[in-house]
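# Structure assessment
Chain residues, written in single-letter form:
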Amino acid sequence: MTSLGRLARTLTAALTTLAALAAPPAALAAFVGWPLPHSLPTAATARDALTGPLSDRFLIDALACLAWLLWSLFTLALVTELVALLRGRTAPRLPGLGPLQALAATLLGAATLALLPAVSRTLPAPPAAAVAADGYRPLAAHTPTAPVTARPHATHANPAATSPAATSPAPTGAAPTCQTHRVHHGDTLWSIAHQHLDDGERWRDIFHLNHGRPQPDGRALTDPDLIRPGWVLLLPAPSPTPDRPAPPPSSKPPPSPAPTSSPRPSSPSASSPSASGRSASPPSTPPPSAPSHPANQAPPHPPHHSGTGQGSTQSSGTAEPSEIPEPSSDGSSPARRAPVAISLPSGTLIGIGLVTALALAIALMRLHRRRHRRPSPRPGTQPPEPELPPPLRRVRHTYLHHTDPTADQPTPDEPDGAPDVRVAPRFRALPASDTPSGESESGPRPEAINIAADDDRELPVLLDAADGVGLVGDGAAATARALIVTLLADRTHHESRVVLPRPDADQLFGPGLVTLQIPGLIITDHIATALDHLETELLHRTRLLDTADSDNTPDLAAYRHDHPDEPLGTVLLVTTPDPGHAERAASILAAGRPLAITGILLGRWPHGGTCTIDPTGPVIAADGPAVHHLIGAHAYQLTTTEARDILTTLAAAHGHPEPNTHTAQPPADRPAADRPAADQPVADQPDPTPNGYAPSRPSEPAPQAPVQLSLLGPLTLTAAGHLVTKGLRRKSLELLTYLALHPDGATTDTLTDALWPDAPTDNAANSLYTVTANLRTTLRTATGRPEARFLERNGNRYVLDFTLIDTDYRRFRAALHTAHTTADPRDQRAAYHRAITEIRGTTDTWPAAEWLERWRETLRRDITDTLARLADLHRPDDPEHALTLLQQALHHDPYAEELYRRTMQLQADLGHPDAALHTYRTLETHLLDLDTEPDNTTHALLTNIRATARTPHARQPNSGAQQPNGQRSS
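Along the backbone of the protein there are 25 helices and 23 strands. Taking as baseline every contact in the protein between residues at least 6 positions apart, the subset at least 24 positions apart corresponds to 75%. By element, 57% of the accessible surface of the protein is carried by carbon and sulfur atoms, the whole surface being about 44200 Å².

All right, on to unusual backbone geometry then. One non-glycine residue, Asp-198, lies in the positive phi region at around 60 degrees. Mapped onto the elements, Asp-198 comes out in the loop between α5 (189-197) and α6 (203-210). The residue Ala-720 is not glycine, and still its phi comes out positive at about 55 degrees. Counting through the fold element by element, Ala-720 comes out in the loop between β18 (716-719) and β19 (722-723).

A word on the environment of Gly-98. Assignment of secondary structure puts Gly-98 in helix α4 (residues 98-111). Residues Gly-98 and Ala-77, spaced 21 residues apart in sequence, show a C-alpha to C-alpha distance of 9.0 Å.

Right, let's talk about the pattern of salt bridges for a bit. Counting across every chain of the model gives 40 salt bridges. We note a salt bridge from Glu-897 to Arg-371, for which the minimum N-O separation is 2.8 Å. Placement of Glu-897 in helix α23 (residues 897-909) and of Arg-371 in helix α8 (residues 352-372) is noted, with a sequence separation of 526 residues between them. According to the relative accessible area criterion, Glu-897 is buried, its value standing at 1%. Note on Arg-371: relative accessible area 7%, which makes it buried.

The next thing to look at is the environment of Ala-871. With respect to the helices and strands, the residue Ala-871 is situated in helix α21 (residues 850-874). Along the backbone, Ala-871 and Thr-884 are 13 residues apart, and their C-alpha atoms lie at a distance of 8.2 Å. Contact partners of Ala-871, with chain neighbours within four places excluded, come to Ala-882, Leu-885 and Leu-886.

On the surface, a nonpolar cluster with roughly 400 Å² of combined accessible area is contributed by Leu-63, Leu-66, Leu-69 and Leu-70. Mapped onto the elements of the fold, Leu-66 is located in helix α3 (residues 56-87).

This part covers the sheet that holds strand β16 (residues 634-635). Within the open sheet, the 3 strands sit side by side as β8-β7-β16. Their pairing is antiparallel. In this open sheet, the two edge strands, each paired with only one partner strand, are β8 (457-462) and β16. When strand β7 (residues 448-454) meets β16, the two strands line up antiparallel, connected through 2 bridges. Opposite Ala-452, over in β16, you have Ala-635 as the bridge partner. Sheet strands touched by helix α10 (residues 476-489): β7, β8 and β16. Its angle to β7, the strand with the most contacts, is close to 130 degrees.

Our focus in this paragraph is the confidence of the model for the protein. The predicted model of the protein has a mean per-residue pLDDT of 74, with 68% of residues at 70 or higher. When mean pLDDT is taken per element in the protein, α23 scores highest with 96 and helix α7 (residues 268-271) scores lowest with 34. Throughout residues 116-177 the model reports pLDDT below 50, and contacts reaching past four residues in sequence, or to other chains, amount to 193 contacts. In the model, residues 954-970 has pLDDT below 50 throughout and makes 26 contacts with residues more than four positions away in sequence or in other chains.

Turning our eyes to something else, we now look at the pairing of β18. Only one face of β18 is buried: it carries Leu-717 and Ala-719, and the other face, with Thr-716 and Thr-718, is open. Bridge count between strand β17 (residues 707-710) and β18: 4 bridges; the pairing is antiparallel. What sits directly across from Leu-709, in β18, is Leu-717. The antiparallel hairpin formed by β17 and β18 contains 5 residues in its connecting segment, where Gly-713 sits at a positive phi of about 145 degrees. Direction of pairing for β18 relative to β19: antiparallel, over a ladder of 2 bridges. Each residue of the ladder has a partner; that of Thr-718, found in β19, is Leu-723. Following β18, the chain reverses through 2 residues before pairing antiparallel with β19; Ala-720 in that reversal takes a positive phi of roughly 55 degrees.

As a further point, take the sheet that holds β17. Pairing is mixed in the open sheet, where 4 strands are placed in the order β19-β18-β17-β23. Edge positions in the sheet fall to β19 and β23 (805-807), since each has one partner strand and no second. The sheet contact formed by β17 and β23 spans 3 bridges and is parallel. Directly across from Leu-709, in β23, lies its bridge partner Thr-807. The strands touched by helix α18 (residues 761-783) are β17, β18 and β23; relative to β18, the strand with the most contacts, the crossing angle is about 45 degrees. Set on the sheet, helix α19 (residues 808-820) makes contact with β17 and β23; between it and β23 the angle comes to about 60 degrees.

Our focus in this paragraph is the packing of aromatic side chains. To describe a pair of aromatic rings, one takes the distance between the centres and the angle between the planes. Considering all chains together, one arrives at 3 aromatic pairs under this definition. Geometrically, the ring pair formed by Tyr-809 and Phe-812 is stacked, given 6.2 Å between the ring centres and 20 degrees between the ring planes. With a gap of 3 residues between them, Tyr-809 and Phe-812 both fall in helix α19, about one helical turn apart. The buried category is assigned to Phe-812, whose relative accessible area is 0%.

All right, on to helix α11 (residues 502-509) then. All of the buried residues along α11 are Asp-504, Ala-505, Leu-508 and Phe-509. Looking straight down α11, one finds that the buried residues subtend no more than 105 degrees of arc, so they occupy a single side. Buried residues belonging to α11 abut α10, β10 (497-501), β11 (521-524), β12 (571-575) and α15 (640-653). In the segment just after α11, Gly-510 is the residue with positive phi, at about 90 degrees.

A few words on the packing of α10 against α15. Where α10 contacts α15, the axes come no closer than 10 Å and their chain directions differ by 10 degrees. As the angle between them shows, α10 and α15 are arranged roughly parallel. In this structure, α10 uses Arg-481, Val-485, Leu-488 and Ala-489 to contact α15, whose residues at the interface are Thr-640, Ala-643, Ile-646, Leu-647 and Leu-650. Classifying every residue of the contact of α10 with α15 by side-chain character gives 7 nonpolar, 1 polar and 1 charged.

Okay, the nonpolar core next. Leu-711, Leu-717 and Trp-851 are the most contacted members of the largest nonpolar core, which totals 75 residues. For this core, the leading source of residues is α21, giving 10 residues. Those residues in contact with Leu-711 that lie beyond four places of it in its chain are Thr-737, Ala-740, Leu-741, Asp-808, Tyr-809, Thr-843, Trp-846 and Leu-859.

What counts, and at which threshold
- Residues numbered from 1 in each chain as written.
- Predicted model: local features only at pLDDT ≥ 70, side-chain atom pairs only at ≥ 80, totals over all residues.
- Heavy atoms only, no water.
- Helix = DSSP H or I, 4+ residues; strand = E, 2+ residues; numbered from the N terminus.
- Contact = heavy atoms within 4.5 Å.
- Areas by Shrake-Rupley, 256 points an atom, 1.4 Å probe, with all protein chains shown as cover.
- Salt bridge = Lys/Arg side-chain N within 4 Å of Asp/Glu carboxyl O.
- Buried < 20%, exposed > 50% of the residue type's maximum accessible area, 1.4 Å probe, protein only.
- Patch = residues over 30% accessible without salt bridge, like charges linked within 9 Å, V, L, I, M, F, W, Y side chains within 5 Å.
- Pairing = 2+ DSSP bridges.
- Axes fitted to C-alpha atoms, helices over the stretch in contact; angles between N-to-C directions.
- pLDDT = per-residue confidence, 0-100.
- Phe/Tyr/Trp six-rings, centres within 6.5 Å; stacked < 30°, edge-to-face > 60°.
- Arc of directions from axis to C-beta.
- Parallel < 35°, antiparallel > 145°, perpendicular 65-115°, else oblique.
- Nonpolar A, V, L, I, M, F, W, Y, C, P; charged D, E, K, R; others polar.
- Core = buried A, V, L, I, M, F, W, Y, C linked by side-chain atoms within 4.5 Å.

Written out as structure tokens, the structure reads:
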């Protein structure tokens, strides 16, 4: 409403109120006068008046008395509402004066409208923040909105919730994230506010938040006295409880004081992505409740009925104390429960089933990278392994965190009472599901694809319960993307397929999707071709069931059980309803429903069911047996970028080449003298910055630092010649490792993003201070240097003091630098030998952490490249030693197919074809993990080795190859 309109409405209401107070008595006084007798009537006068005919004057006076009575009662109601309004309380109900009191409240509310800020009377859609559905407590996300957390008495999982920063107002422009409540029989706005907000008088906030908002049955809330069962009401944030006692402080202080800083209030910058690409975590406590709204938007009296029967009220958005694990008495972390859904950095939600499938796909993608990569002739000059996209980083972190049995537990040797700096991740706000929905004891139901989260479980869309399902609403496309990705990611039980016409593929995922070669995704030119594909599949499955070896035609489930070698997975058509093909599509989906041929239609679908999805995720309406149970739940969604990143990973997990990657290197299996000049090292050639680090060539051996960190193998820390096992926290070792791998240092934001990706910004910064103090204290005690700092903080940047801390990786890189900048082959070999002496084992034993995985793969690559390069240098004059070096490289990377080929060729050159065959069999065994076989090049090499071995004197050994008698050829 404009300011002019509000002013006009206010003036009208004020004039009406004044007229209602002044006009009746003035009119009565002017036209009627005094209606009562001027003296008390005698008994005879009263008897004559009652028994005689009624005069006109008597009737006028009687009506005037009634008018004066009504005016008095209205004035009483108006004064009562005015006093309550001034006191900020709800006016008491006056018996028998409901209509008059409502009229008075309306006039007063309209009269005070101009004195209050402009507010919207209606909410046509939920707020921009991620709105939770009935029974679902929203997951905090990297969005510029303030999340709703547990009620004050259930916030002990996050100590920061009681800090001053946590109770600061939400950033400007940030809409509050709302809880929701599904209306049951017997509910009133007052009872809902009393139960969920601990204050029944906050019913007005609930009314104003939902006034005019469309409900699942198509109606809207306009009367606070009338709410209907099944409606989903948004709830404002609960008010903080200031009088709740704070938890007692720890009886044991931390081992060393951490730097402290004053609490910082929330600000818009705290909610926006930082320069490092990290989105700051939202505050841990709910924003202030909504401001009071003018009374003219609703009667000021509390609603006293709902027009429904009796029933129980059910909490839907607030985490009860039992949902958040209590810390154990000994101070250890509680047992972790896997979430049923997690929030991605964009704020979208995906299910834990998809998280698990994607985490395994990421691991397979990395194994395929290792399989296809060829060793570099200049080890250590390539950049680190590429980082995962942000959504996949979150996925992998979640998976590792909940599969690592020691992720939340302190080390046995940590000091008793050490400060617990770990912060409960945001995704733990959603409790775990004991039995995923859509599964039964007899096995998974592939046509029940999880599509939403509700309370502590995932909810499936029952595709076999309707002839297709339509998705409408502004969130329909995002949910369709999530459903497609979920089906393609989890193809474990049955070979599911998605049929997608190209126009719809371009609309959902952008152009060029067909080039990704995603298993199970069939992209057709148009919808007619897609329907042709479904008809062909329908005939194929019908014939299979008709010709099955059974007395009766089996259903699909029985056929799947009896014929596991014939996977008949879900065939899902995803398209926009086309009027020209609607009847044909409906017929195919009706016939294909018992055969797991179904469809998701991006529009209203009268032949099956239709689900309406809000842009932020809540399912606001649903009709049809396949989706009716989803109403009020929070649908899974993916943005276009997130879906493309995930589909690219799924393609790479099946061995298909990744776009924009060039991992192939020219073969380096020839002697150095035969290589092109470009491969020859030049003494004055600068070493490319390897992995962001270019160590200078030392003129003299540097004195040994008192602290040694081993990275080329298991992560170990040695101080003064002794292994450090006492007092060092796991995060302290991670911090030391991160800075050792980044010699130029790292900012606070970068460190907290890597080590505490799920912690709010302030909590993560405090954790960094704590582990920094723990690291210094431990190293000072172990080295006997109480004044040493070991790592310096220059402004906002942390840097290791490499005069006190040295690493095997640093010496390894220095040796590689020497090898790359010398032209003498003997000096090269000596430098490479110095490099490999630093290798003390494999990196497979590193702790489970998402950021460590990238560097573990980088170091593995550098190690294998160095061993392969040194084998090339030794091959002309010492092939046996070269073979040993290649076998060491295979020990570090048993999936590198190029290393197997080099090993097989060298074994054949040495006259050991049986050993080459054994090497080939070993490769086959390892590739079974990837569900693949050696490629054609490797198979052709084995065929050639076998043919040469069967032909006497057909093979000529390489120059310098050792003969069977131990002598070398001339």
